[in-house]
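Residues per chain are reported as follows:
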Amino acid sequence: KLAVTFFVVLIPLLSAEIFVLRSFSTSLREASELELTNIVNHLYRLIEVHQHPDEDSAGQPIPTPKDVESLSEVIKTFRVGMTGYPYVMDSKGTLVIHPRQSGENILEARDSKGFAFIKEICDQAVGLEAGRTGTIHYPWKNQDERGDPRMKILKFRYFPEWDWIIAAGSYE
């Protein structure tokens, strides 16, 4: 009788619990992706507002140092979860606005499996349709972390007028 009760009652309950946990995990992941997309789109609109008629020698619109400084102050205040943040780089992989690495070129950076994910982001970003955001998932482990790499998600959008890629990422 006990074995029958176990199979009739407990197995369905455990199955339901596993289903609920998976659904909850999926909902959290979807909410995180939506938050990252919203941050990227908000920052895109903020950068649009800062756009002005200054041009370089080729007639292309350019940001002034004052633009970069004021946008940097705002962008660096954003946080995603405990460790995520937005940043801006150009399509050649140079970080324009970043909490710790502004001015550095990271085009050749590789994830924990050796994939050149920054190059992939740059390639995808310049090919995005206007108004669209891109997504990339990759394994990452900070140098000061112990244990196995964790999956990160990054949302990004291209601002062609300044050749900027606006990105926001966090661990999944």
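Residues numbered from 1 in each chain as written. Predicted model: local features only at pLDDT ≥ 70, side-chain atom pairs only at ≥ 80, totals over all residues. Heavy atoms only, no water.

Draft legend 1. Region of interest: the overall build of the protein. Within the protein, the secondary structure is distributed over three helices and five strands. The order of helices and strands in the protein, counted from the N terminus, is α-α-β-β-α-β-β-β. Each of the 172 residues in the protein was classed as buried or not, and the buried ones make up 33%. Considering only intrachain contacts with a sequence separation of at least 6, the fraction spanning at least 24 residues in the protein is 51%. With an accessible surface of roughly 10800 Å², the protein has 56% of that area assigned to carbon and sulfur atoms. (Helix = DSSP H or I, 4+ residues; strand = E, 2+ residues; numbered from the N terminus. Buried < 20%, exposed > 50% of the residue type's maximum accessible area, 1.4 Å probe, protein only. Contact = heavy atoms within 4.5 Å. Areas by Shrake-Rupley, 256 points an atom, 1.4 Å probe, with all protein chains shown as cover.)

Draft legend 2. Highlighting the pairing of strand β5 (residues 164–171). The buried count for β5 comes to eight of eight residues, which makes it a mostly enclosed element. Here strand β1 (residues 85–90) runs beside β5; their pairing, made up of six bridges, is antiparallel. Bridging from a neighbouring strand, Tyr85 pairs with Gly169 of β5. Pairing of strand β4 (residues 150–159) with β5 involves eight bridges; the strand directions are antiparallel. Considered in β5, the bridge of Arg157 is made with Ile166. (Pairing = 2+ DSSP bridges.)

Draft legend 3. Representation of the layout of surface pockets within the structure. The calculated volume of the largest pocket comes to roughly 600 Å³. Around the largest pocket, the lining comprises 24 residues; the ones closest to its centre are Tyr85, Arg100, Gln101, Trp140 and Asn142. Listing elements by their share of the lining of the largest pocket, those giving two or more residues are β1, α3 (117–126), β3 (134–140), β4 and β5. The biggest single contributor to the lining of the largest pocket is β4, with three residues. For the lining of the largest pocket, the class distribution of residues is eleven nonpolar, seven polar and six charged. (1 Å grid on protein atoms, 1.4 Å probe; cavity = no way out; pocket = protein on both sides within 12 Å on 5 of 7 lines; lining within 4 Å. Points joined across faces, edges and corners; volume = space filled by probe spheres on them. Nonpolar A, V, L, I, M, F, W, Y, C, P; charged D, E, K, R; others polar.)

Draft legend 4. Representation of the confidence of the model for the protein in the model. Averaged over all residues, the pLDDT of the protein equals 84, while 78% of them reach at least 70. Mean pLDDT across the secondary structure elements of the protein bottoms out at helix α1 (residues 2–50), with 71, and peaks at α3, with 97. (pLDDT = per-residue confidence, 0-100.)

Draft legend 5. Layout of the packing of aromatic side chains. Scanning all chains against the criterion turns up seven aromatic pairs. Ring geometry for Phe117 and Tyr138: centres 4.2 Å apart, planes at 20°, overall stacked. Taken together, the positions of Phe117 in helix α3 and Tyr138 in strand β3 put the pair 21 residues apart, joining distant regions of the chain. Note on Trp162 and Trp164: the rings are 4.9 Å apart at their centroids and 75° apart in plane angle, and the pair reads as edge-to-face. Accessibility expressed as a relative area gives 6% for Trp162, which makes it buried. The exposure class of Trp164 is buried, given its relative accessible area of 3%. Every member of this aromatic cluster is reached through a ring pair, and the members are Tyr44, Phe159, Trp162 and Trp164. Directly above the aromatic system of Tyr44 lies the positively charged group of Arg157, at a separation of 3.6 Å from the ring centroid. (Phe/Tyr/Trp six-rings, centres within 6.5 Å; stacked < 30°, edge-to-face > 60°. Lys NZ or Arg CZ within 6 Å of the ring centre and 35° of its normal.)

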